[in-house]
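Residue-level listing of the chains:
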Amino acid sequence: MDMIVTPTGKLQGEIQALSSKNYTTRYLLVAALAEGTSTILYPAHSEDSDAIRRCIRDLGAIIEEDEEKIVITGFGRHPFPAKQLNVGNAGAVLRFLMSIASFLPEVTFVNTYPQSLGKRPHDDLIAALQSMGVEVDHNNGRLPITIRGGKPRGGKIQVSGSVSSQFLSSLLFLAPLLDEDSEIEVLNDLKSKVVIGQTLEVMRQAGIVVEASDDLMRYKVPGRQKYLAQTYTVQGDYPGSAAILAAAAVTESDVTVHRLYENSKQGERAVVDVLRAMNVKLTHENAIVHVQGNGKLAAGEFDGDEFTDGVLAMVAAAVFAEGTSRFYNVENLRYKECDRITDYLAELRKAGANVEEKRDEIIVHGRPEGVEGGVEIDAHFDHRVIMALTIVGLRSKQPIRIKEAHHVAKSYPNFFDHLSSLGAKVEWVK
Ligand SMILES: O=C(O)C1=C[C@@H](OP(=O)(O)O)[C@@H](O)[C@H](O)C1
Ligand SMILES: C=C(OP(=O)(O)O)C(=O)O
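Quick caveat: nothing in here was measured; it's all calculated off a predicted structure.

Enquirer: Residue-level account of the UniProt feature "binding site: phosphoenolpyruvate" (unreviewed entry) in the protein chain, with values.
Expert: The UniProt entry lists Lys 21, Gly 91, Arg 120, Gln 166, Arg 340, Arg 384 and Lys 410 under the feature "binding site: phosphoenolpyruvate" (unreviewed entry), expressed in the numbering used here. Here the residues from the annotation list that line the largest cavity are Lys 21, Gly 91, Arg 120, Gln 166, Arg 340, Arg 384 and Lys 410. Owing to a relative accessible area of 3%, Gly 91 belongs among the buried residues under this scheme. Apart from the residues within four sequence positions on either side, Gly 91 is in contact with Leu 117, Arg 120, Gln 166 and Lys 410. Checked against the element boundaries, Lys 410 lands in the loop between strand E27 (400-403) and helix H12 (415-421). The residues contacting Lys 410, other than those within four sequence positions of it, are Lys 21, Ser 46, Glu 47, Asp 48, Asn 89, Ala 90, Gly 91, Glu 337 and His 383.

Shown next as structure tokens:
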């Protein structure tokens, strides 16, 4: 399905933020790793959250759900020996489950998105698992991946953090279930470091003891621990909401988004400060962000690694700012659903934006007068590209058509319904 985005001058109204993707993934995982019955309130509903539900069910978790909650009886450290797992296009789900799969004799993660997740590298996690005595067959570090495990060893574990924090998170979730105590050391840099805060928070909520150095590069995790069955409440999602807030920032608007907690550990909480730094009029109190946009934005310079999943939406806002903006420290955007630098900027240029790239930077020469539009956009299977180009389309001179925009459902199936309820002119076409 394609989406036609027609220029829209005004947005107005209130929405409830979607539920957090990253917390939903983590709570479902720790609930599956517990032996009792856990309840997760307000889980996200999206293709990625369906992917982890499907896989943990295949691994033996018993799941019941209604509108508001999921009740899960976990399998502890004894997953059912599934032969195949299909994680869809969900990178975090794949990486987290690769470690858990090391308890199984043989399981294959299949490649159902050869043009997206199928291109993403997992070498650093594969190397760490191999050092723990797990056999891994792979296609040059990519899917399909077969894990032959049984009894993964703890002890000293090293993992590179220069491509993705998900490799470290994955090993952290596994380590407490091992027979030995573990010491995990992160080699090279650690990108998306803030996300590790969410991993540690969730592990501790599940009763796990884990010691982390202040710089998050070294960990001590005692083995033979048990994840406790608990009740968890999923908070609102900043990365998805970032696109709504950016849409409000580039239009005349009066938009309120609820359920965005000020003290959240989501790095993308920083998008509120980014927009403020771009002179967008907004308030953030009592978990409510209220934007009163006038379409005027100022350029700025930002460390994008602090809000990795919010960068594309902030770049889209910067397309209409007065002056030149710079988003630096963003190289690992190249290893996401598409190359979120080269592929994304190609689509922005089609729409009329003036953008440049470096290996680890996005530079935007703002066009406050608006961009031309009137083009077809390739979504590159990337929900965040779809949301970002929608923001641009709202302020183009001519409508834009986003091909295969249904991939927005990876994280935010209601994105266009939410925008439409705020007055955006968006229409699905076959
Ligand atoms: O741990 C997680 O749940 C995630 C970590 C981040 O990935 P990287 O660590 O690869 O940047 C983020 O982009 C992704 O959407 C979710
Ligand atoms: C990169 C993302 O997800 P994942 O790595 O889980 O596929 C994302 O949600 O933007």
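Enquirer: Which residues make up the nonpolar core, and what values go with them?
Expert: Ranked by size, the top nonpolar core spans 78 residues in total, and within it Met 314, Phe 327, Tyr 344, Leu 348 and Leu 389 carry the most contacts. If you tally residues by element for this core, the top one is helix H7 (residues 238-249), at nine residues. Residues Ile 56, Ala 61, Ile 72 and Ile 100 belong to the second largest nonpolar core, which totals 77 residues.

Enquirer: Could you give me a rundown of the sheet that holds strand E10 (residues 155-161), with the residues and numbers involved?
Expert: The four strands are arranged E10-E11-E13-E12 in an open sheet whose pairing can be described as mixed. One side of each edge strand has no neighbouring strand; the edge strands of this open sheet are E10 and strand E12 (211-212). Direction of pairing for E12 relative to strand E13 (residues 218-221): antiparallel, over a ladder of two bridges. Within E13, the position partnered with Ala 212 by the bridge is Tyr 219.

Enquirer: Hey, could you go over helix H11 (residues 383-394) for me, with residue numbers and the actual values?
Expert: Across its twelve residues, H11 extends 17 Å between first and last C-alpha, which sits within 8% of the 16 Å expected from 1.5 Å per residue. Within H11, twelve of the twelve residues are buried, which leaves the element mostly enclosed by the surrounding structure. Taken residue by residue, H11 has His 383, Arg 384, Val 385, Ile 386, Met 387, Ala 388, Leu 389, Thr 390, Ile 391, Val 392, Gly 393 and Leu 394 as its buried positions. The N-cap of H11, judged by a side-chain oxygen 2.8 Å from the amide nitrogen of Arg 384 a few residues on, is Asp 382.

Enquirer: Give me the lowdown on helix H1 (residues 21-33), citing residues and values where you can.
Expert: Over its 13 residues, H1 runs 18 Å from end to end, which matches the ideal 18 Å to within 8%, given 1.5 Å per residue. Judged by how many residues are buried, H1 sits mostly within the fold: 13 of 13 residues are covered. You can read the cap of H1 off the contacts: a side-chain oxygen lies 3.3 Å from the backbone nitrogen of Asn 22, and it is on Ser 20.

Enquirer: I'd like a description of the packing of aromatic side chains, backed by residues and values.
Expert: Applying the stated criterion across every chain, the model contains eight aromatic pairs. Between Tyr 113 and Phe 381, the aromatic rings sit 6.4 Å apart at their centres with planes inclined by 90°, giving edge-to-face as the arrangement. Note that Tyr 113 is positioned in the loop between strand E7 (107-109) and helix H4 (123-131) and Phe 381 in the loop between strand E25 (376-378) and H11, a separation of 268 residues in sequence. Among the residues examined, Phe 381 registers a relative accessible area of 21% and is labelled partly exposed. When the ring of Phe 415 is compared with that of Phe 416, the centres are 5.0 Å apart and the planes differ by 70°; the resulting orientation is edge-to-face.

Enquirer: Now, about the layout of surface pockets: what can you tell me, with residues and values included?
Expert: The computed volume of the largest pocket comes to approximately 330 Å³. Lining the largest pocket are 16 residues; nearest its centre among them are Ala 17, Leu 18, Ser 19, Pro 43 and Asn 414. Each of domain 1 (2-18 + 236-429) and domain 2 (21-233) gives at least three residues to the lining of the largest pocket. Looking at the second largest pocket, its volume works out to about 250 Å³. In this structure, the second largest pocket is lined by 18 residues; those nearest its centre are Gln 115, Lys 119, Glu 337, Cys 338 and His 380. When its residues are assigned to classes, the lining of the second largest pocket shows five nonpolar, three polar and ten charged.

Enquirer: Go over the sheet that holds strand E22 (residues 354-358), please, and point to the residues and values.
Expert: With mixed pairing, the four strands of this open sheet are ordered in space as E19-E21-E23-E22. The open sheet is flanked by strand E19 (301-303) and E22, the only strands paired with a single partner. Direction aside, the axes of adjacent strands within the sheet are offset by 15° on average. Relative to strand E23 (residues 361-365), E22 is paired through five bridges, and the arrangement is antiparallel. Residue pairing in the sheet places Glu 356 in a bridge with Ile 363 of E23. The strands touched by helix H10 (residues 342-351) within the sheet are E22 and E23, with E22 carrying the most contacts at an inclination of about 165°.

Enquirer: Got a sec to walk through the packing of H4 against helix H5 (residues 166-174)? Specific residues and values, please.
Expert: Following both chains from N to C, one finds H4 and H5 inclined at 30°, their axes separated by 9 Å at the closest point. When the axes of H4 and H5 are compared, the pair comes out roughly parallel. For the pair H4 and H5, the contacting residues are Asp 124, Leu 125, Ala 128 and Leu 129 in the first and Phe 167, Ser 170, Leu 171 and Leu 174 in the second. Taken together, the residues that form the contact of H4 with H5 break down as six nonpolar, one polar and one charged.

Enquirer: Tell me about the site of ligand 2, residues and numbers included.
Expert: Lining the immediate surroundings of ligand 2 are 14 residues, of which Lys 21, Gly 91, Arg 120, Arg 384 and Lys 410 lie closest. Contact between ligand 2 and Gly 91: an oxygen atom at 2.8 Å from a main-chain N or O atom of the residue. Within the contact set of ligand 2, an oxygen atom lies 2.6 Å away from a side-chain nitrogen or oxygen of Arg 384. About the coverage of ligand 2: the protein hides 98% of its 300 Å² of free accessible area. Counting atoms within 2 Å of the grid points, the majority share of ligand 2 lands in the largest cavity. Contributions of two or more residues to the shell around ligand 2 are made by helix H3 (91-100) and H11. Among the residues forming the shell around ligand 2, the class breakdown is two nonpolar, four polar and eight charged. Each of two domains, domain 1 (2-18 + 236-429) and domain 2 (21-233), supplies a minimum of three residues to the shell around ligand 2.

Cut-offs and rules
Residues numbered from 1 in each chain as written. Chains lettered and ligands numbered in written order. Predicted model: local features only at pLDDT ≥ 70, side-chain atom pairs only at ≥ 80, totals over all residues. Heavy atoms only, no water. UniProt positions renumbered as here; feature names shortened; annotations may be inferred. 1 Å grid on protein atoms, 1.4 Å probe; cavity = no way out; pocket = protein on both sides within 12 Å on 5 of 7 lines; lining within 4 Å. Buried < 20%, exposed > 50% of the residue type's maximum accessible area, 1.4 Å probe, protein only. Contact = heavy atoms within 4.5 Å. Helix = DSSP H or I, 4+ residues; strand = E, 2+ residues; numbered from the N terminus. Core = buried A, V, L, I, M, F, W, Y, C linked by side-chain atoms within 4.5 Å. Pairing = 2+ DSSP bridges. Expected span 1.5 Å × (residues − 1). Polar contact = N/O pair within 3.5 Å; in protein donor to acceptor, adjacent residues only side chain to side chain. Phe/Tyr/Trp six-rings, centres within 6.5 Å; stacked < 30°, edge-to-face > 60°. Points joined across faces, edges and corners; volume = space filled by probe spheres on them. Domains from an automatic or database assignment. Nonpolar A, V, L, I, M, F, W, Y, C, P; charged D, E, K, R; others polar. Axes fitted to C-alpha atoms, helices over the stretch in contact; angles between N-to-C directions. Parallel < 35°, antiparallel > 145°, perpendicular 65-115°, else oblique. Near = heavy atom within 4 Å. Areas by Shrake-Rupley, 256 points an atom, 1.4 Å probe, with all protein chains shown as cover. Sits in = over half its atoms within 2 Å of the grid points.

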